[in-house]
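Secondary and tertiary structure notes
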Amino acid sequence: MLRTAALGLLDLSKNTQFKTIVNKEVSKQFDGDDNALLKTINLDVQNALPQSFYATILKYASTLNLDVYTTLTEITESINGFTYFNDSAYIQIYIPNYPNTNLNNDPIICYNLNDDSILPGFYIDNNGIVQPIEVDEQMAINSNVWVISVSETQGIKSTAYGTNVAGVPATGEDLIVSLDSAVYYDKKEGWGNGRADIAYITFKYRYCGEPTVSSVNETKKAKFGDDIFDRISDAKLSQNMVYFPNFLIANEAAENDIFRPDETLCILFYEKDRRRKFEQQILWASCFPFYFTYCSKQNPYLTSQTGRNQYGLFSTWYPLILTDSPAGPSYISGSGADFYISLKSWPL
C-alpha cells in the first residue's frame with residue numbers, strides 16, 4: 001500500500017497546484033505533526049486522486065520494478081484507508097523539514113516501511129526521467145522530501161484487558177493516583193516518522209489473582225519533538241515536557257478504578273508504532289502469568305510497578321517515584337524519560 005501511494009504521487013509531485021494543496025494541509029498539523037492524510041487531500045481535489053494514481057502507476061511501475069497494486073479498487077484503498085489486521089490504516093504525506101525547506105521545489109518521494117535511517121524513494125529529474133534514490137536525514141534537511149507512511153494516530157482501536165470490579169465501594173484506605181508530568185529526553189522515533197507518539201498501558205492486580213481493572217488501554221496521549229532539528233540529548237540539555245492532565249490511574253468519578261490496599265499498580269510507557277512486525281510481548285507476573293502485547297520498535301520509556309503496602313494514607317498529594325521494576329521473565333528495561341506521579345487518599 002505504501003509503495004502504491006508513493007508511486008501514485010509521482011506525476012502530481014510536479015504539479016504546482018497540487019503541491020500547494022499538500023503544503024496547505026500539512027500546515028494544519030491535524031494531529032500535531034507536519035503531515036496530511038491522503039484521504040483529506042483527496043477531498044480537496046474532488047476525489048480525483050484514484051484515477052490520477054492509476055494512470056501514474058501504469059506509467060512507471062514496470063520502469064521502477066516496484067511491487068505495487070494496479071487495480072483501481074486497491075489504489076483507492078491506499079488513498080482512503082485500508083484494513084490492517086483489526087484496525088484501519090490511513091496513509092499520509094509527512095514533510096520532515098517543514099516549513100524550513102523550499103516547498104515550491106518538486107519533492108523527492110520516499111516511503112517508510114520500517115522506520116529505517118535510510119528510506120527508498122524516487123523523483124523525476126529535469127529530463128522527465130524517473131530516478132530511484134535513497135533518502136537519509138541529511139537529504140531531508142537539505143531537500144523538499146515527502147515521506148509516505150501510515151498514520152500512527154488515525155484508525156487505532158484501544159484494547160482493554162482484565163476484569164471489572166465495579167460495585168465495590170471506596171474506603172478511606174483507598175488511594176487515587178495522578179501522573180503530573182513526564183520529561184522525555186529520548187525521542188526514539190526515526191526522522192522519517194516525525195514526532196514521537198507517546199502511549200501507555202496501565203493495569204492493577206491482586207496477588208495471585210487476575211488483573212482487577214478493566215480500563216487497561218493502549219492510549220495515545222501526546223507527541224513531542226518539534227522537527228528533525230530538535231536534538232534531544234541524553235544529558236537533557238533540551239527537555240520536552242509532556243503533561244497528562246487526564247491521566248488518572250484511579251479516577252474519583254469511577255469508584256471501581258481506585259488503587260486498593262491489596263493491589264499492585266503496573267505502568268508501561270512507550271513510543272507507539274503501527275507495523276505489527278514491531279510488536280513486543282511482555283509477561284507481567286506475580287504468581288500468575290499475565291501477557292500483553294504492545295507495538296514499538298524501541299524499548300519502552302518505563303516499565304514500573306508498585307504495591308500499595310509501601311504507602312500510608314495522605315490527605316494531600318504525595319510524590320510517588322517510578323523506577324524500572326522487574327516485570328517477569330520477559331522484563332524489558334525502560335529509559336529515556338522521567339515521570340512525576342503523585343497519590344493521595346480517597347476523599348471521604
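Please read all numbers here as calculations on a predicted model, not as lab measurements.

Reading guide: rules and limits
- Residues numbered from 1 in each chain as written.
- Predicted model: local features only at pLDDT ≥ 70, side-chain atom pairs only at ≥ 80, totals over all residues.
- Heavy atoms only, no water.
- Helix = DSSP H or I, 4+ residues; strand = E, 2+ residues; numbered from the N terminus.
- Buried < 20%, exposed > 50% of the residue type's maximum accessible area, 1.4 Å probe, protein only.
- Contact = heavy atoms within 4.5 Å.
- Areas by Shrake-Rupley, 256 points an atom, 1.4 Å probe, with all protein chains shown as cover.
- Polar contact = N/O pair within 3.5 Å; in protein donor to acceptor, adjacent residues only side chain to side chain.
- Pairing = 2+ DSSP bridges.
- Axes fitted to C-alpha atoms, helices over the stretch in contact; angles between N-to-C directions.
- Patch = residues over 30% accessible without salt bridge, like charges linked within 9 Å, V, L, I, M, F, W, Y side chains within 5 Å.
- Salt bridge = Lys/Arg side-chain N within 4 Å of Asp/Glu carboxyl O.
- Bend = angle between axes of the 7 residues up to and from the residue.
- Phe/Tyr/Trp six-rings, centres within 6.5 Å; stacked < 30°, edge-to-face > 60°.
- Lys NZ or Arg CZ within 6 Å of the ring centre and 35° of its normal.

1. Focus on the overall build of the chain
- On a plain count of helices and strands, the chain comes out with six helices and 18 strands.
- Buried positions account for 53% of the 348 residues belonging to the chain.
- Summarising the internal contacts of the chain: among those between residues at least 6 apart in sequence, 75% fall at separations of at least 24.
- When the accessible area of the chain is evaluated, it comes to approximately 15400 Å², of which 47% is carbon and sulfur surface.

2. Details of the environment of Glu263
- Looking at the secondary structure, you find Glu263 in strand β13 (residues 263–271).
- For the pair Glu263 and Tyr205, spaced 58 residues apart in sequence, the C-alpha separation works out to 5.4 Å.

3. Concerning the side chain of Ser296
- Residue placement: Ser296 occurs in the loop between β15 (289–295) and β16 (302–307).
- A polar contact is formed between the side chain of Ser296 and the backbone oxygen of Glu271, at a distance of 2.6 Å.
- Those residues in contact with Ser296 that lie beyond four places of it in its chain are Tyr270, Glu271, Asp273, Phe278 and Gln280.

4. Here's the deal with the sheet that holds strand β4 (residues 91–94)
- The six strands are arranged β1-β4-β8-β5-β6-β7 in an open sheet whose pairing can be described as mixed. Single-partner strands in this sheet number two, and they are β1 (35–37) and β7 (130–135). Sheet twist, expressed as the average angle between the axes of neighbouring strands with direction ignored, equals 25°.
- Bridge analysis of β4 against strand β8 (residues 145–150) gives four bridges, and the strand direction is antiparallel.

5. Focus on a nonpolar patch on the surface
- Side chains of Tyr54, Leu58 and Leu72 sit close together on the surface and give an oily, nonpolar patch of about 250 Å² of accessible area.
- Position of Leu72 among the secondary structure elements: in helix α5 (residues 72–80).

6. Looking at helix α4 (residues 49–64)
- Considering bend angle alone, the principal kink of α4 is centred on Leu58 and spans about 35°.
- Three or more residues of α4 are buried, namely Leu49, Pro50, Phe53, Thr56, Ile57, Tyr60, Ala61 and Leu64.
- Contact partners of the buried residues in α4: α1 (2–8), α2 (16–27), α3 (38–44), α5, β6 (119–124) and β7.
- Asn65, located one to two residues past α4, shows a positive phi value of around 55°.

7. Looking at the pairing of β6
- Of the strand pairs in this sheet, strand β5 (residues 108–111) and β6 are connected by two bridges, and their pairing is antiparallel. Looking across to β6, one finds that Ile109 is bridged to Phe122.
- Linking β6 back to β7 in an antiparallel pair, the connection comprises five residues, with Gly128 at a positive phi of about 80°.

8. Quick look at the pairing of β7
- Where β6 meets β7, six bridges bridge the pair, whose relative direction is antiparallel. For Phe122, the partnering residue across the bridge sits in β7 and is Pro132.

9. Quick look at the packing of aromatic side chains
- Using the criterion set out here, one finds five aromatic pairs in the structure.
- The interplanar angle of 45° and the centroid separation of 6.3 Å between the aromatic rings of Tyr111 and Phe122 together place this pair among those described as tilted. You can see Tyr111 sitting in strand β5 and its partner Phe122 sitting in strand β6, a full 11 residues away along the chain.
- Looking at Tyr111, the relative accessible area reads 8%, which means it is buried.
- The lysine or arginine in question, Lys39, covers the ring of Tyr90, its NZ or CZ lying 4.0 Å from the ring centre.
- The residue whose ring lies beneath Lys188 is Tyr301, and the NZ or CZ to ring-centre distance is 4.9 Å.

Treat this as a map of the structure, not an account of what it does.
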